[in-house]
Amino acid sequence: MTAVALRDVSLVYPGGTVAVKDVSLSVADGEFVVLLGPSGCGKSSILRMVAGLQRPSSGHVVLGGVEADDVPARSRGVSMVFQDFALYPHLTVADNIGFPLDVGGCARDERAERIAEVASAFDIGDLLSRRPAELSGGQRQRAAMARAIVRGPRVLLMDEPLSNLDAVLRSGLRAEIVSLARSLGLTVLYVTHDQIEAQTMADRIAVLRDGVLEDEGQPDEVYRH
Ligand code: ADP
Ligand code: ADP
């Protein structure tokens, strides 16, 4: 089953920048696909269209076989992790993680249970009463990832989630993200400009250049040249 499909998707920003040009791409249920390419090639724009934060200028986004163009962001079963973590500074880790549940309306017991569950999956169960300023960069990104999965999304979009972390943290978290995604059965669309990250994490790599899908294949098939 296809979890995410882009069908001939283009995006032209006001002002005329063609950020994405005729991209077609399918991501299977449970697949980990990395969108790889240099800064400015349209990676974030693609994630934003899948998330419903941006409408394609032409073409369609299809989620679980359903055309998503008129489905609002909150109802897509898709959630997103950002490079800069985007945690609320005034909320504790627990309340940051619980925030998407509050928006959706969730019983107290269930809320606490879900928060504990995803926090422990990301190994931050003992940091729940802290605020983001009292966390390391790696712990912040763990909290942001826990928040992203707390509502049990079908699809997780990750936009350079490790770029702000140092090299040691980065390589540890790479393996953790892949194994957690696999154990949760998550479909992941992961954006990076880092070729090593792509090679080590992806089931499949989609290479973008100037808004065009240039190459696509398993890690050992792309970039052999
Ligand atoms: P990437 O994620 O690969 O760095 P983006 O999707 O952010 O690429 O950007 C693709 C192109 O679209 C770039 O040329 C960028 O400058 C342009 N762009 C991105 N966001 C906007 C925007 N809100 N308005 C106008 N142009 C944008
Ligand atoms: P949406 O339109 O779906 O609400 P946003 O881009 O506003 O998406 O937010 C994406 C995520 O970042 C959400 O999980 C939200 O809780 C979080 N977020 C948004 N703005 C802030 C902010 N100023 N501080 C902390 N977290 C934020």
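Provided above is the structure to which this section pertains.
Everything numeric in this text was worked out from a predicted model, so none of it was measured. (Residues numbered from 1 in each chain as written. Chains lettered and ligands numbered in written order. Predicted model: local features only at pLDDT ≥ 70, side-chain atom pairs only at ≥ 80, totals over all residues. Heavy atoms only, no water.)

(A) Representation of the nonpolar core within the structure. Counting 42 residues, the largest nonpolar core has F32, I97, I124, L156, M158, V188 and Y190 as its most contacted members. Setting aside residues up to four positions removed in sequence, Y190 forms contacts with F32, V33, V34, L35, M158, P161, L162, E197 and M201. One finds V20, L63, V78 and M80 within the second-largest nonpolar core, a separate group that totals 29 residues. (Core = buried A, V, L, I, M, F, W, Y, C linked by side-chain atoms within 4.5 Å. Buried < 20%, exposed > 50% of the residue type's maximum accessible area, 1.4 Å probe, protein only. Contact = heavy atoms within 4.5 Å.)

(B) The sheet that holds strand β4 (residues 58-63), seen in detail. Pairing within the open sheet is antiparallel, and its four strands lie in the order β2-β1-β4-β5. Each end of this open sheet is capped by a strand with a single partner; those strands are β2 (18-28) and β5 (66-67). Where helix α1 (residues 43-51) meets the sheet, its contacts fall on β1 (2-12), β2 and β4, and the angle it forms with β1 comes to roughly 120°. (Pairing = 2+ DSSP bridges. Helix = DSSP H or I, 4+ residues; strand = E, 2+ residues; numbered from the N terminus. Axes fitted to C-alpha atoms, helices over the stretch in contact; angles between N-to-C directions.)

(C) Representation of the site of ligand 1. Taken together, Y13, T17, A19, P38, S39, G40, C41, G42, K43, S44 and S45 make up all the residues around ligand 1. In this structure, an oxygen atom belonging to ligand 1 sits 2.6 Å away from a side-chain N or O atom of S45. Protein chains shield 59% of the accessible area of ligand 1, which is 560 Å² for the free molecule. Ranked by residue count, the leading element in the shell around ligand 1 is α1, at three residues. Partitioned by chemical class, the residues of the shell around ligand 1 number four nonpolar, six polar and one charged. (Near = heavy atom within 4 Å. Polar contact = N/O pair within 3.5 Å; in protein donor to acceptor, adjacent residues only side chain to side chain. Areas by Shrake-Rupley, 256 points an atom, 1.4 Å probe, with all protein chains shown as cover. Nonpolar A, V, L, I, M, F, W, Y, C, P; charged D, E, K, R; others polar.)

(D) Inspection of the packing of aromatic side chains at higher detail. Under the defined criterion, the tally for this structure stands at two aromatic pairs. With a centroid separation of 5.7 Å and 35° between ring planes, the pair formed by F32 and Y190 is classed as tilted. With a gap of 158 residues between them, F32 in strand β3 (residues 32-36) and Y190 in strand β8 (residues 187-192) connect regions that are remote in the sequence. Each of the two residues, F32 as well as Y190, counts as buried. (Phe/Tyr/Trp six-rings, centres within 6.5 Å; stacked < 30°, edge-to-face > 60°.)

(E) The arrangement of the sheet that holds strand β10 (residues 212-217) in detail. One open sheet accounts for six strands, arranged β6-β7-β8-β3-β9-β10; its pairing is mixed. The open sheet terminates on both sides in strands that have one partner only, identified here as β6 (78-81) and β10. Each neighbouring strand pair of the sheet contributes to a mean axis angle of 20°, computed without reference to strand direction. Sheet strands in contact with α1 are β3, β6, β7 (155-159), β8 and β9 (204-209), and its direction is about 150° off that of β7.

(F) Quick peek at the pairing of β10. Relative to β10, β9 runs antiparallel, the two being bridged by five bridges. Paired with R209 across the two strands is V212, which belongs to β10. Hairpin connection from β9 to β10: two residues lie between these consecutive antiparallel strands, with D210 at a positive phi of about 50°.

(G) Representation of the site of ligand 2. In the region of ligand 2, the neighbouring residues are L53, R74, F82, A86, L87, Y88, F99 and R147. At 3.0 Å from an oxygen atom of ligand 2 is found a side-chain nitrogen or oxygen belonging to R74. The separation between a nitrogen atom of ligand 2 and a polar main-chain atom of A86 is 2.4 Å. Here ligand 2 loses 54% of its free accessible area of 550 Å² to cover by the protein chains. Tallied by class, the residues present in the shell around ligand 2 amount to six nonpolar, no polar and two charged.

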